[in-house]
Amino acid sequence: MNIKTMQDSRTIQASLVQPSDTNYHGTIFGGSMMAYIDEVAAIAAMRHSRRPVVTASIDSIDFLAPVKMGHSICLEAIVTSTGRTSMEVFVKVISENLQTGERILTATSFLTFVALDEAGNPTEVPGIVAETDEEKRLMASAEERKKMRKERKANTQAFISELTIEKTI
């Protein structure tokens, strides 16, 4: 497999926050933001792997500031780490007041995607190399996030093993 730079996967998506995107506070719904994040991250993962992908996990979405109706949001996604078939993607969301030009970091998120072959099975992905200081920091901290993902998955498996599923009529 070949090696790609993080910049090869870089994806930028801008949207205007419309009334249908907002809650009764006049700010974007968290679910709408989550959908934007998942979409831009999937595109970055597909750019890296040149394969169809599925979302394997969303580690976190940290909402840092509200985004008001009429503002724009700019999402930037980049593959920060790869496994054999998986890719970690970092997304940062910046909102902009289009009247004043004020821009603020609104949200950050880490997601994991798995590349699929023609039969829908996991398939190998290229490795990745960091070039900028920010990319190097993201890559250096990826192993710790991977460890936390594995712990969370084990805890979830233990939890769901004790759940019951009731029959419905």
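Residues numbered from 1 in each chain as written. Predicted model: local features only at pLDDT ≥ 70, side-chain atom pairs only at ≥ 80, totals over all residues. Heavy atoms only, no water.

The name recorded for the protein chain in an unreviewed UniProt entry is Acyl-CoA thioesterase, from Brevibacillus nitrificans. The protein chain has a UniProt comment under Sequence similarities (unreviewed entry) that states "Belongs to the acyl coenzyme A hydrolase family." (UniProt positions renumbered as here; feature names shortened; annotations may be inferred.)

Draft legend 1. Just the nonpolar core, in detail. In terms of nonpolar packing, the biggest core is built from 33 residues, with Ile73, Val89, Val91 and Phe113 touching the most fellow members. Put simply, the parts of the chain that give this core at least two residues each are helix 1 (30-49), strand 3 (53-63), strand 4 (72-82), strand 5 (86-96) and strand 6 (103-115). Per-element accounting of this core gives the leading share, 8 residues, to helix 1. With residues near it in sequence (within four places) discarded, Val91 still touches Ile37, Val40, Ala41, Leu75, Glu76, Ala77, Ala107, Thr108, Ser109 and Leu111. (Core = buried A, V, L, I, M, F, W, Y, C linked by side-chain atoms within 4.5 Å. Buried < 20%, exposed > 50% of the residue type's maximum accessible area, 1.4 Å probe, protein only. Helix = DSSP H or I, 4+ residues; strand = E, 2+ residues; numbered from the N terminus. Contact = heavy atoms within 4.5 Å.)

Draft legend 2. Summary view of the environment of Ala115. Mapped onto the fold, Ala115 is located in strand 6. Residue Ala115 is classed as buried on the basis of its relative accessible area of 0%. On a C-alpha basis, the gap between Ala115 and Met34 in space is 21 Å, while along the polypeptide they are 81 residues apart. When residues no more than four places from it in sequence are discounted, the contact partners of Ala115 are Ser49, Arg51, Pro52, Val53, Thr85, Met87, Asn121, Pro122, Thr123 and Val125.

Draft legend 3. Quick peek at the packing of aromatic side chains. Evaluation of the coordinates by the stated rule reveals 1 aromatic pair. Relative to Phe110, the ring of Phe90 has its centre 4.9 Å away and its plane inclined at 40°; by these criteria the two rings are tilted. Remark: Phe110 occurs in strand 6 and Phe90 occurs in strand 5; sequence separation between them is 20 residues. Residue Phe110 is classed as buried on the basis of its relative accessible area of 13%. (Phe/Tyr/Trp six-rings, centres within 6.5 Å; stacked < 30°, edge-to-face > 60°.)

Draft legend 4. Highlighting unusual backbone geometry. Its identity is not glycine, yet Arg50 carries a phi of approximately 55°, on the positive side. Secondary-structure assignment places Arg50 in the loop between helix 1 and strand 3.

Draft legend 5. Representation of the sheet that holds strand 4. Spatial strand order, 2-4-5-6-3: 5 strands in an open sheet with antiparallel pairing. The sheet is open, and its two borders are formed by strand 2 (11-16) and strand 3, each paired with just one other strand. Put simply, the sheet's adjacent strands are angled 20° from each other on average, direction ignored. As defined by bridge partners, strand 2 adjoins strand 4 across 6 bridges and the pair is classed as antiparallel. Note on strand 4: the bridge partner recorded for Ala14 is Cys74. With respect to the sheet, helix 3 (residues 142-160) is in contact with strand 3, strand 4, strand 5 and strand 6, its orientation differing from that of strand 3 by roughly 105°. (Pairing = 2+ DSSP bridges. Axes fitted to C-alpha atoms, helices over the stretch in contact; angles between N-to-C directions.)

Draft legend 6. Up close: the packing of helix 2 (residues 133-140) against helix 3. Running from amino to carboxyl end, helix 2 crosses helix 3 at an angle of 35°, the nearest separation of the two axes being 4 Å. Here Leu138, Met139 and Ala140 of helix 2 come into contact with helix 3, specifically with Ala142, Glu143 and Arg145. Classifying every residue of the contact of helix 2 with helix 3 by side-chain character gives 4 nonpolar, no polar and 2 charged. (Nonpolar A, V, L, I, M, F, W, Y, C, P; charged D, E, K, R; others polar.)

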